[in-house]
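Okay, here's what each chain looks like letter by letter:
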Amino acid sequence: MAASILAPPPPGSGLKAVPGVPGLPYIGNTVAVMRDPFGQARKRYAQYGPVSWGWLLGQRTVTVQGPEAAETVLVNRDKAFANGPAWSYFIGPFFRRGIMLLDFEEHLHHRRIMQQAFTRDRLRAYMDAMAPGIARGVDAWEPGRGFTVYDHVKRLTLDLAVDVFMGVELDPAEAARINGAFIDAVRAGTAYVRFPVPGLRWHKGLRARRVLEDFFRRNLPAKRRDGGDDLFAALCQAETDDGHRFTDEDVVNHMIFALMAAHDTTTITLTTMAYYLAKYPEWQERAREESLALGTPVLRFDDLEALTTVDLVMKESLRLVAPVPALPRRAVKDTSILGHHIPAGTLVVVPLLTNHRMAEWWPDPDRFDPERFSPERREDKVHKYAWAPFGGGAHKCIGMHFAGMQIKSILHQVLCRYGWSVPGRYEWPLDTTSLPSPRDGLPVHLYRLREAR
């Protein structure tokens, strides 16, 4: 039976209380949601509609399903929802004062400075800088059965982050240490035990933050002095027309957050694309034909728009597996969502992972169908927030164009060198306890194109 323990709507407001059930004390339905997010979301929607509450990771949480509710929260017209107080509960100790954890005027101030690092000329320079690293990384792959896509792509994206974002030479041991720190920091956000107990996720995340801070502080003076074409240098040099620049502390915070965001989300998207291109080889061949037709082993900035098939596959992969599965916000004042009263202090979550598979908005939502995004169909146009993998409103991902550029650059070089397949009945075991990833690493049969299949 549904009940609400949120503050009741003000008398005469005409607003409804948010329905829901508490479930188990503290844990609520956390375990069920992490194990079966799609099934739980559909069950919740059928029972309570688009706005409901429950306990999630120790927080009384209102979940809003569907694009109309998502738009209310993400566009945030009356400035009722804040990022910082919401994200801080999950990742604040590990990614504090990153661009996504700032709000309102402070967020806009930092965003204006950071945009100088994502101009068209900067993007072109990043693309040129990453090409040799992609070639080195992809050439080093060893074909065969059991090639784990997720592990190899994660290694590659970290190496590219070091080259393109940091511009710092790292020996293998230091690169492994930095990679491990990022992994520990990200996983700490969904820890059940949110205290620094040695050996558990939260403790590892705090230790990882210290490793990353020390790394960037040691390298920052040289970046301030020497500059460069990497993101680290760009943030050190970024300046608005009225002379505002980042402090050293700002640069450290933004670098830690940007590396996490770019490294993990790109890995997840590329792995998802690789999975569906293996499951649907006709799409893999179609994408390869476009890449080979360009006649260049390295994708050029002016050729990005030519990879229309890769673009369709990327968009459908982002729909099926949103790399950032949920966007939390904290209500900073009493407000409403679709006629439901939301008291100040309420944690509100927009579940992108499951919103993208709602049958009310997407025909046959679990089916891989890149043509949804073709000019003839454009199913994503049914509502502005039906497809929102990069969020929306003032906090829409500032690196979304960089992400698309990097994904296309990597996949182009892979398609020109390799083919890959999975057994016909293979279904990947998607782990959604943190950021979504395959539990088995996505093992494929990787082969060079000149080899017999």
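These numbers were taken from a predicted model, which means no experiment stands behind them.

A few words on the pairing of strand β5 (residues 327-331). Strand residues, when the strand is regular, have side chains that alternate between the two faces of the sheet. The element β5 is largely enclosed, with a buried count of 5 among its 5 residues. In β5, alternate side chains face the same way, and those of Leu327, Arg329 and Ala331 on one face and Pro328 and Arg330 on the other are all buried. Relative to β5, strand β3 (residues 81-82) runs antiparallel, the two being bridged by 2 bridges. Looking at β5, one finds that Ala82 is bridged to Arg330. Pairing of β5 with strand β8 (residues 347-350) involves 4 bridges; the strand directions are antiparallel. Across the sheet, Pro328 pairs through a bridge with Val349, a residue of β8.

In total, this model carries 33 salt bridges according to the counting rule given. Where Asp139 meets Arg417, a salt bridge forms, and the shortest distance between an N and an O atom there is 2.6 Å. One end of the pair, Asp139, is in helix α6 (residues 120-139); the other, Arg417, is in helix α15 (residues 400-417), with 278 residues separating them in the sequence. A relative accessible area of 19% places Arg417 in the buried class. Arg245 is the partner of Glu239 in a salt bridge, and the nearest nitrogen-oxygen pair spans 3.9 Å. Linked through salt bridges whose partners overlap, the residues forming this network are Glu316, Arg319, Asp364, Arg367, Asp369, Arg372, Arg377 and Glu379.

Okay, the side chain of Ser374 next. Take Ser374: it is sitting in the loop between α14 (352-355) and α15. Judged by relative accessible area, Ser374 falls into the buried class, the value being 3%. At a separation of 2.7 Å, a polar atom in the side chain of Ser374 contacts the main-chain carbonyl oxygen of Glu371.

Turning our attention to the UniProt feature "binding site: heme" (unreviewed entry) in the protein chain. Following the UniProt record, the feature "binding site: heme" (unreviewed entry) maps to Cys397 here. If near-sequence neighbours (up to four positions away) are discounted, Cys397 is found in contact with Arg111 and Phe390.

Right, let's get into the packing of aromatic side chains. Throughout the structure, instances matching the rule amount to 16 aromatic pairs. Taken together, a centroid distance of 5.5 Å and an interplanar angle of 65 degrees make the contact between Phe373 and Trp387 edge-to-face. Of this pair, Phe373 sits in the loop between α14 and α15 while Trp387 sits in the loop between α14 and α15, and the two are 14 residues apart along the sequence. Each member of the pair, Phe373 as well as Trp387, carries the same accessibility label: buried. Grouped by ring-pair contacts, the aromatic residues Tyr275, Tyr276, Tyr280, Trp283, Phe368, Tyr426 and Trp428 constitute a single cluster. The lysine or arginine in question, Arg319, covers the ring of Trp362, its NZ or CZ lying 5.2 Å from the ring centre. One Lys or Arg, Arg357, reaches over the ring of Phe38 and ends 4.1 Å from the middle of that ring.

Conventions we followed
Residues numbered from 1 in each chain as written. Predicted model: local features only at pLDDT ≥ 70, side-chain atom pairs only at ≥ 80, totals over all residues. Heavy atoms only, no water. Buried < 20%, exposed > 50% of the residue type's maximum accessible area, 1.4 Å probe, protein only. Helix = DSSP H or I, 4+ residues; strand = E, 2+ residues; numbered from the N terminus. Pairing = 2+ DSSP bridges. Salt bridge = Lys/Arg side-chain N within 4 Å of Asp/Glu carboxyl O. Polar contact = N/O pair within 3.5 Å; in protein donor to acceptor, adjacent residues only side chain to side chain. UniProt positions renumbered as here; feature names shortened; annotations may be inferred. Contact = heavy atoms within 4.5 Å. Phe/Tyr/Trp six-rings, centres within 6.5 Å; stacked < 30°, edge-to-face > 60°. Lys NZ or Arg CZ within 6 Å of the ring centre and 35° of its normal.

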